Amino acid sequence: MASTAALPKLNGKTALITGITGQDGSYLSELLLSKGYKVWGIIRRSSSFNTERIDHLYQDPHESDVRLRLCYGDLNDASSINRILKVVRPDEVYNLGAQSHVKVSFEIPEYTADVTGLGTVRILEAMRELDLDARFYQASSSELYGKVVESPQKETTPFYPRSPYAAAKAYAFHITRNYRESYGMFAVNGILFNHESPRRGETFVTRKISRAAARIKLGQQECVYLGNLDARRDWGFAGDYVDAMWRMLQVDTPDDYVIATGETHTVRSFCELCFAEVGLPLEWSGSETNEIGKDPAGNTVIKIDPRYFRPAEVDLLLGDATRAKEELGWEPTVSLAELAKMMVQNDLQLATSQAGNMVGNEV
Ligand code: NDP
Ligand code: GDR
């Protein structure tokens, strides 16, 4: 772990990433390192290792020409944010850190508001106070659209947050725009629709399904419990979406952009893709509220558990990324079928190499 107190002089472009240990943080680090950036990541102290997604990028800080460095900090600790910004003085700041689980945000709403909402203004205010000439990216979300007002959803679609998480992200969105308009800062929102990958957290629905399909195929798990199978999402590949983040900070004029594939699918159809990939095409039966998915041998492999339903659901997300395509030259490259295949194949490998646990099934 590098200490920000003893920073070597850095040359070239430097990026600071909050949430570097998360799905997007790991892909963004890879992208920026491949472009020659020096990357600083803020990590939280944990009682066990929490850097698994970036371990392959780790460089011993004692070696020369180290381009990835990590330092301890927390979005709910303004002093740590101030200190890190003061010492690192990055050219670009990517704020990806968040309590990012929508269902969990109903259980810890205040904490979510603090980290996911106020964390953003802590960074912006520190940048302003330090008079830092850096570009700022805020990880805004399609959850802002919440209840369907218009479809497909684009930059001009009104927000209607449906969870403490989305409400916190709405604050973060507006404060980012406000600092841009008030102080002329280069601060932008990427309104990213759901994006997934083999590195997706195990409690988000796509990974929960791909992991279950693999483990059921290998006899390590009998069935998976899910919530609302009718929810529709616009799912893309995380690797494509971090490229859009970077592009947003390279344009001349800061603006906010929707990033999406322009296709929407149900949770049920993602189940079908994943189970077909392991050779277990699904048959559905049961009532609307108690649907079950069976494999070709008649075994029940998907059951509904009401605890996975949310107090308020986001029924339909479908994004229109026309502005990003025209102004950033951004395009998604991975179809949902390819994404499901990529995730299931990775989970098959993982399941054969390690005896997994069931902790991920709690949320
Ligand atoms: P993850 O949940 O995978 O990663 C979240 C990151 O935030 C982790 O590195 C986590 O650290 C860190 N973090 C959590 N709490 C704090 C805190 N108090 N202080 C500092 N860091 C903290 O999220 P994703 O990578 O999927 O998403 C990245 C960002 O984009 C998030 O802000 C998310 O809300 C947003 N977003 C994601 C979308 C998606 O589909 N993936 C779509 C739209 C927006 P640790 O590893 O220690 O837990
Ligand atoms: P989401 O992702 O809430 O869209 O937020 P998630 O994968 O958690 O849920 C997607 C949809 O699937 C339904 N669902 C289930 N969800 C989970 N987690 N577990 C289940 O068992 C289950 N069964 C059905 C949900 O009800 C929901 O409709 C993600 C996060 O990455 C946010 O940080 C990000 O902002 C948005 O995507 C865009």
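Residues numbered from 1 in each chain as written. Chains lettered and ligands numbered in written order. Predicted model: local features only at pLDDT ≥ 70, side-chain atom pairs only at ≥ 80, totals over all residues.

The protein chain has the name GDP-mannose 4,6-dehydratase in an unreviewed UniProt entry, where Adhaeretor mobilis is given as its organism. According to its UniProt record, the protein chain has this under Function (unreviewed entry): "Catalyzes the conversion of GDP-D-mannose to GDP-4-dehydro-6-deoxy-D-mannose." Word for word, the UniProt comment on the protein chain under Cofactor (unreviewed entry) is "NADP(+)". (UniProt positions renumbered as here; feature names shortened; annotations may be inferred.)

## Section: the UniProt feature "domain: NAD(P)-binding" (unreviewed entry) in the protein chain
Within this numbering scheme, the UniProt entry marks residues 16-343 as carrying the feature "domain: NAD(P)-binding" (unreviewed entry). Its end C-alpha atoms 28 Å apart, residues 16-343 is made of 37% helix and 18% strand. (Helix = DSSP H or I, 4+ residues; strand = E, 2+ residues; numbered from the N terminus.)

## Quick notes on the site of ligand 1
As a structural note, the neighbourhood of ligand 1 is formed by 26 residues, with Gly19, Gly22, Gly97, Ala98 and Ala139 the closest of them. The element that contributes the greatest number of residues to the shell around ligand 1 is helix H1 (residues 23-34), accounting for three residues. Residues of the shell around ligand 1, tallied by class, amount to seven nonpolar, 16 polar and three charged. (Near = placed C-beta within 6 Å. Nonpolar A, V, L, I, M, F, W, Y, C, P; charged D, E, K, R; others polar.)

## A closer look at the packing of helix H4 (residues 109-129) against helix H5 (residues 164-183)
For any two helices packed against each other, one specifies the crossing angle of their axes together with the interaxial distance. The N-to-C vectors of H4 and H5 enclose an angle of 15 degrees; their axes lie 8 Å apart at closest approach. When the axis of H4 is compared with that of H5, the two are roughly parallel. By crossing handedness, the relation of H4 to H5 is classed as right-handed. Contacts between H4 and H5 pair Pro109, Thr112, Ala113, Thr116, Gly117, Thr120, Val121, Leu124 and Arg128 from the former with Pro164, Tyr165, Ala168, Lys169, Tyr171, Ala172, Ile175, Thr176, Tyr179 and Tyr183 from the latter. Tallied by class, residues from the contact of H4 with H5 come to twelve nonpolar, five polar and two charged. (Axes fitted to C-alpha atoms, helices over the stretch in contact; angles between N-to-C directions. Parallel < 35°, antiparallel > 145°, perpendicular 65-115°, else oblique. Left-handed = near helix turned anticlockwise from the far one by under 90°. Contact = placed C-beta atoms within 7 Å.)

## Concerning the nonpolar core
Ranked by size, the top nonpolar core spans 95 residues in total, and within it Met127, Ala213, Met245, Ile259 and Cys274 carry the most contacts. Among the elements that line this core, the one with the most residues is H5, at eight residues. A domain split of this core shows at least three residues from each of domain 1 (12-196 + 236-259) and domain 2 (205-233 + 265-316 + 335-362). The residues touching alanine 213, leaving out its near neighbours within four places in the chain, are Cys274, Phe275, Glu277, Val278 and Val344. (Core = buried A, V, L, I, M, F, W, Y, C linked by C-beta atoms within 7 Å. Buried ≥ 20, exposed ≤ 12 C-beta atoms within 10 Å, placed from the backbone. Domains from an automatic or database assignment.)

## Comments concerning the environment of glutamine 220
Within the secondary structure layout, glutamine 220 lies in the loop between helix H6 (205-217) and strand E8 (224-226). Along the sequence, glutamine 220 and alanine 351 sit 131 residues apart, while their C-alpha atoms lie 8.1 Å from each other.

## Structural notes on the sheet that holds strand E1 (residues 14-18)
Taken in spatial order, the seven strands line up as E3-E2-E1-E4-E5-E6-E11 in an open sheet, and their pairing is parallel. Among the strands making up the open sheet, the edge pair consists of strand E3 (68-72) and strand E11 (257-259). If you compare each strand with its neighbour and ignore which way they point, the axes differ by 20 degrees on average. Judged from the four bridges that link them, strand E4 (residues 92-95) and strand E5 (residues 135-141) form a sheet pairing that is parallel. If you follow valine 93 over to E5, its bridge partner there is phenylalanine 136. Sitting on the sheet, H4 is in contact with E4, E5 and strand E6 (187-192), with an inclination near 165 degrees to E4. Together, E5 and E6 form the strand contacts of H5, whose direction differs from that of E5 by roughly 150 degrees. (Pairing = 2+ DSSP bridges.)

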